[in-house]
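Tertiary structure, described
Here's the letter readout for the chains.
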Amino acid sequence: MTPLTDVTSLARDLAAGPGPVLLDIRWRLAGPPGLASYRAGHLPGAVFVDLDRDLSGPPGAGGRHPLPAAAWFQAAMRRAGVRGGRAVVVYDEADGMAAARGWWLLRYFGHHPVQLLDGGYRAWLAAGQPVATGDEQAAAGDFTARPGGLPLLDAAGAARLARHGLLLDARAAERYRGDTEPVDPVAGHIPGALSAPTAGNVGADGRFLPPAELGRRFATLGVPPGPQPGVPVGAYCGSGVTAAHEVLALNLAGVPAALYVGSWSGWTADPDRPVATGPDPG
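Residues numbered from 1 in each chain as written. Predicted model: local features only at pLDDT ≥ 70, side-chain atom pairs only at ≥ 80, totals over all residues. Heavy atoms only, no water.

1. Considerations on helix α9 (residues 211-219)
Along an α-helix, residues three or four apart share an orientation, since each turn contains 3.6 residues. Where we set the bar: Summary of the burial criterion: residues with accessible area below 20% of their type's maximum are buried, those above 50% are exposed, and those between are partly exposed, where the area comes from a 1.4 Å probe applied to protein chains only. Secondary structure counts use DSSP, requiring at least four H or I residues in a row for a helix and at least two E residues in a row for a strand, with both numbered from the N terminus. For this quantity, the arc is that covered by the directions from the helix axis to the C-beta atoms. The contact rule is simple, with two residues in contact once any of their heavy atoms fall within 4.5 Å.
Where α9 is concerned, the buried positions are Leu214, Arg217 and Phe218. Relative to the axis of α9, the buried residues are bounded by an arc of 90° and lie together on one face. On its buried face, α9 sits against β7 (166-169) and α10 (242-252).

2. Overview of the packing of aromatic side chains
What counts here: Any two of the Phe, Tyr and Trp rings considered here, Trp counted by its six-membered ring, make a pair once their centres fall within 6.5 Å; the pair's planes then place it as stacked at under 30 degrees, edge-to-face at over 60, or tilted in between. In this analysis the charged atom, NZ for Lys or CZ for Arg, is taken to sit over a ring once it is within 6 Å of the ring centre and within 35 degrees of the ring normal.
A full pass over the atoms with the stated rule returns five aromatic pairs. Both rings, one in Tyr38 and one in Phe48, keep their centres 5.6 Å apart while their planes meet at 40°; by these two values the pair is tilted. One end of the pair, Tyr38, is in helix α2 (residues 34-40); the other, Phe48, is in strand β3 (residues 47-48), with ten residues separating them in the sequence. An identical accessibility class is assigned to Tyr38 and Phe48; each is buried. Both rings, one in Trp104 and one in Tyr108, keep their centres 5.0 Å apart while their planes meet at 10°; by these two values the pair is stacked. Within this pair, Trp104 and its partner Tyr108 are both found in helix α5 (residues 99-108), separated by four residues, close to a single helical turn. Taking relative accessible area as the criterion, Tyr108 reaches 9% and is therefore assigned buried. Connected via pairs of aromatic rings, a cluster forms that spans Phe73, Trp104, Tyr108, Phe109 and Phe143. Over the ring of Tyr121 we find Arg26, and its NZ or CZ is 4.3 Å from the ring centre.

3. With respect to α5
For α5, the buried fraction is high: ten of the ten residues fall into the buried class. All buried positions along α5 are accounted for by Ala99, Ala100, Arg101, Gly102, Trp103, Trp104, Leu105, Leu106, Arg107 and Tyr108. With its phi angle positive at about 95°, Gly110 sits one or two positions after the end of α5.

Remember that the coordinates give geometry; whether it matters functionally is a separate question.
So, in structure tokens, the structure goes:
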């Protein structure tokens, strides 16, 4: 199954019935609250999934949004109506920066029929599709979480990849350089990592760039096209949310990539880990 679906395809699938399970994952680090946006309007039948509560473990040494325990994620997805073998479509407001976390987690925990709605809720509205308001409850699902469906990095693995492969930093360039750090206590980047802001994966409308264009973008950073056993690729961000978007974009370009879920917030939780600043990898 391709990682993306569009409004036309999704509307057709929903009309044919029963259609995929719809998960609304609207979330922004600085707001507005995703639940409020969901209640104001969402795709009919969609269930709200809270990124902080349902798609993350408790913050701590593993970062601000560490990997949730398998049992915790399984329970959250069952509440949302996810069933084994039934397709799932995740979406957020527009650019997929939050919804990609849901796509990655479902894939990591073994649920492969999952797609992200390209352009999100904004594209659905622009196409004149119907919306619903308030809260919706799904019939309980039977999803079983089986970890290991996608490659995962810990801090030691991220450090090795930065030295011997390609580790992409998905944060804004000014955070990579260490010019500013609005969230975490230390500014800079993992030594050896390359700056590849996630915002460069989408156009002004929030839709992903075409696969060939994404491939050219990553090629300028030294990412070879297609799977390259000798050149492993990984991504991190501030807390493992937008880096999932980077992994999805790499997937669209035909490049498998691992995710460092702890990301910068997990890296800097240990004061003994090195930090680089400036525009160069270090």
